[in-house]
Amino acid sequence: MVMELEQWRRRGQWFEHRGHPIFYVDEQRGSGPTLLLVHGFPTSSWDWTDIWPLIAPRFGRLIAVDMIGFGFSAKPADYDYDLVDQATLHESLLAQLGVGRTHLLVHDYGVSVAQELLARHLERPEPRSLELQSVTLLNGGLFPETHRARLVQKLLLGPIGPLIAKLINEQRFTRSLGAVFGPQTPLSPEHASGFWRLTVENGGHLIPHRLIRYILDRRRHRDRWVTALQQTRVPLRVINGPEDPVSGAHMVERYRQLVPRPDIVSLPGIGHYPQVEAPRAVADAFLPFIDGLERVNSAA
């Protein structure tokens, strides 16, 4: 059952980033590790509501943020949106909340935020203010050379991007988003409606040409972010929907070529949004990974 948007909003709180209000959910359940969930483009933290109850019992605390420009958070028209800033946003919130250690579960745009955090983790001396205990990567453009941008993304990134943004309506948005779902797990009307409502919240439908610049960020930081994947000592797992035309099986093949000892779980028939299309399958691939790490940590 899809969680109502207002129910999700009521669970949330607000903090300030560079003078703008940012929405987040912080669920504390008692003892156990912390999990930070990082959403993708063009959606929001509401993406995690289907999988949330399946994984929450394993953690003492779950935190999910609507990054600036997304969901219920502020969407300033003149903001310089970039992925490095989004990573700083997450670090700032975790510092305010007193979180010094966390696992990450990330998707799409969020995989690049995780790569930036991994790069900082690699570059900073110990003891660090934020220790990453693991990173689980769902479908996302880890390598710009394998990222197959959709036509609308290419148009938004080009000189007519502001015009294209004005032409996007609910029907076009839903058709474009639905095209990246798996053939047997199509985008439901309930999810489509929620994704669109959160996109237009606070005038967000007017800024996709600004948000889409993340594609340029990935190219700019490619070497540093790939090095972070290759050299990090933080445990990594990829859970991938291979039917995704943007970052599916072809991205996984590149990951196998570049990342030592790749830990990959492929979900047959699933597309770009595994946590929405197959939340149980993602939980079944994710929780044993966390359990194994926690057993090792307990024995150390």
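Here's a quick rundown of the structure.

So, how was this worked out
- Residues numbered from 1 in each chain as written.
- Predicted model: local features only at pLDDT ≥ 70, side-chain atom pairs only at ≥ 80, totals over all residues.
- Heavy atoms only, no water.
- Core = buried A, V, L, I, M, F, W, Y, C linked by side-chain atoms within 4.5 Å.
- Buried < 20%, exposed > 50% of the residue type's maximum accessible area, 1.4 Å probe, protein only.
- Contact = heavy atoms within 4.5 Å.
- Patch = residues over 30% accessible without salt bridge, like charges linked within 9 Å, V, L, I, M, F, W, Y side chains within 5 Å.
- Areas by Shrake-Rupley, 256 points an atom, 1.4 Å probe, with all protein chains shown as cover.
- Salt bridge = Lys/Arg side-chain N within 4 Å of Asp/Glu carboxyl O.
- Helix = DSSP H or I, 4+ residues; strand = E, 2+ residues; numbered from the N terminus.
- Phe/Tyr/Trp six-rings, centres within 6.5 Å; stacked < 30°, edge-to-face > 60°.
- Pairing = 2+ DSSP bridges.
- Axes fitted to C-alpha atoms, helices over the stretch in contact; angles between N-to-C directions.
- Lys, Arg positive; Asp, Glu negative; His and termini not counted.
- Polar contact = N/O pair within 3.5 Å; in protein donor to acceptor, adjacent residues only side chain to side chain.
- Parallel < 35°, antiparallel > 145°, perpendicular 65-115°, else oblique.

## What about the nonpolar core?
Counting 99 residues, the largest nonpolar core has Ile55, Leu137 and Tyr255 as its most contacted members. Excluding anything up to four places from it in sequence, Leu137 contacts Val106, Val111, Ala114, Leu142, Leu229, Arg237, Val238, Ile239 and Tyr255.

## Remarks on a nonpolar patch on the surface
Taken together, the side chains of Leu151, Leu155, Ile160, Leu163 and Leu167 define a hydrophobic patch exposed on the protein surface, amounting to about 460 Å² of accessible area. Elements with a minimum of two residues in the nonpolar patch: α5 (151-157) and α6 (161-167). When you line up the elements, Ile160 lands in the loop between α5 and α6.

## Digging into the packing of aromatic side chains
In this structure the tally under the stated criterion is 15 aromatic pairs. A ring pair is formed by Tyr109 and Tyr214, whose centres lie 5.2 Å apart and whose planes are at 75 degrees; its orientation type is edge-to-face. With Tyr109 in helix α4 (residues 109-123) and Tyr214 in helix α10 (residues 214-220), this pair connects stretches of sequence that are 105 residues apart. In terms of burial, Tyr109 and Tyr214 fall into one category: buried. With a centroid separation of 5.2 Å and an interplanar angle of 55 degrees, the aromatic rings of Phe173 and Trp196 are classed as tilted. Here Phe173 is found in helix α7 (residues 170-178), whereas its partner Trp196 is found in helix α8 (residues 189-200), with 23 residues between them in sequence.

## Let's talk about the sheet that holds strand β3 (residues 34-38)
Pairing within the open sheet is mixed, and its eight strands lie in the order β1-β2-β4-β3-β5-β6-β7-β8. A strand with exactly one partner marks an edge of an open sheet, and here the two such strands are β1 (12-17) and β8 (264-266). Averaged over all neighbouring strand pairs, the angle between strand axes comes to 25 degrees, with direction disregarded. Sheet topology places strand β7 (residues 236-240) next to β8; three bridges connect them, and they run parallel. Among the inter-strand pairings, Asn240 is bridged to a residue of β8, identified as Ser266. Each of β6 (131-137), β7 and β8 touches helix α12 (residues 249-258); the most contacted strand, β7, lies at about 155 degrees to it.

## A short note on the side chain of Asp82
One can find Asp82 in the loop between β4 (61-65) and α3 (83-97). No salt bridge is formed by the buried Asp82; its nearest oppositely charged neighbour, Arg18, is found at 5.4 Å. A polar atom in the side chain of Asp82 sits 3.0 Å from the backbone nitrogen of Val84. Engagement of the side chain of Asp82 in a polar contact is seen with the backbone nitrogen of Asp85, the distance being 2.8 Å.

## Observations regarding the pairing of β1
Here β1 runs beside strand β2 (residues 20-28); their pairing, made up of six bridges, is antiparallel. Within the sheet, the bridge partner assigned to Gln13 lies in β2 and is Tyr24. Between β1 and β2, which pair antiparallel one after the other, the connecting turn spans two residues, and Arg18 there sits at a positive phi close to 50 degrees.

## Regarding the packing of α3 against α4
Contact geometry for α3 and α4: axes closest at 9 Å, N-to-C directions at 70 degrees. As judged from the angle between their axes, α3 and α4 are roughly perpendicular. Within the contact between the two elements, α3 uses Leu83, Val84, Gln86, Ala87, Thr88, His90 and Glu91 and α4 uses Tyr109, Ser112, Val113, Glu116, Leu117 and Arg120.

## A look at the environment of Thr185
Mapped onto the secondary structure, Thr185 falls in the loop between α7 and α8. Between the alpha carbons of Thr185 and Gly271 there is a distance of 7.8 Å; along the sequence they are 86 residues apart. If we ignore the near neighbours within four places in the chain, the residues touching Thr185 are Gly269, Ile270 and Glu277. A distance of 2.4 Å separates the side chain of Thr185 from the side chain of Glu277, its partner in a polar contact.

## Quick look at the pattern of salt bridges
In the structure shown here, the tally under the stated rule is 18 salt bridges. Among the salt bridges present, the one from Glu27 reaches Arg11, with a minimum N-O distance of 2.4 Å. Residue Glu27 is found in strand β2, and its partner Arg11 is found in the loop between α1 (5-10) and β1; the two are separated by 16 residues along the sequence. On the accessibility criterion, Glu27 (16% relative accessible area) is buried. Owing to a relative accessible area of 30%, Arg11 belongs among the partly exposed residues under this scheme. In this structure, Arg220 engages Asp217 in a salt bridge whose closest nitrogen and oxygen atoms are separated by 2.7 Å. Of the two residues, Arg220 and Asp217 are both situated in helix α10; the distance of three residues between them amounts to about one turn of the helix. Since its relative accessible area comes to 6%, Asp217 is described here as buried. Among the charged side chains, a network of salt bridges with common partners joins Glu91, Glu116, Arg120, Glu123, Arg124 and Arg224.

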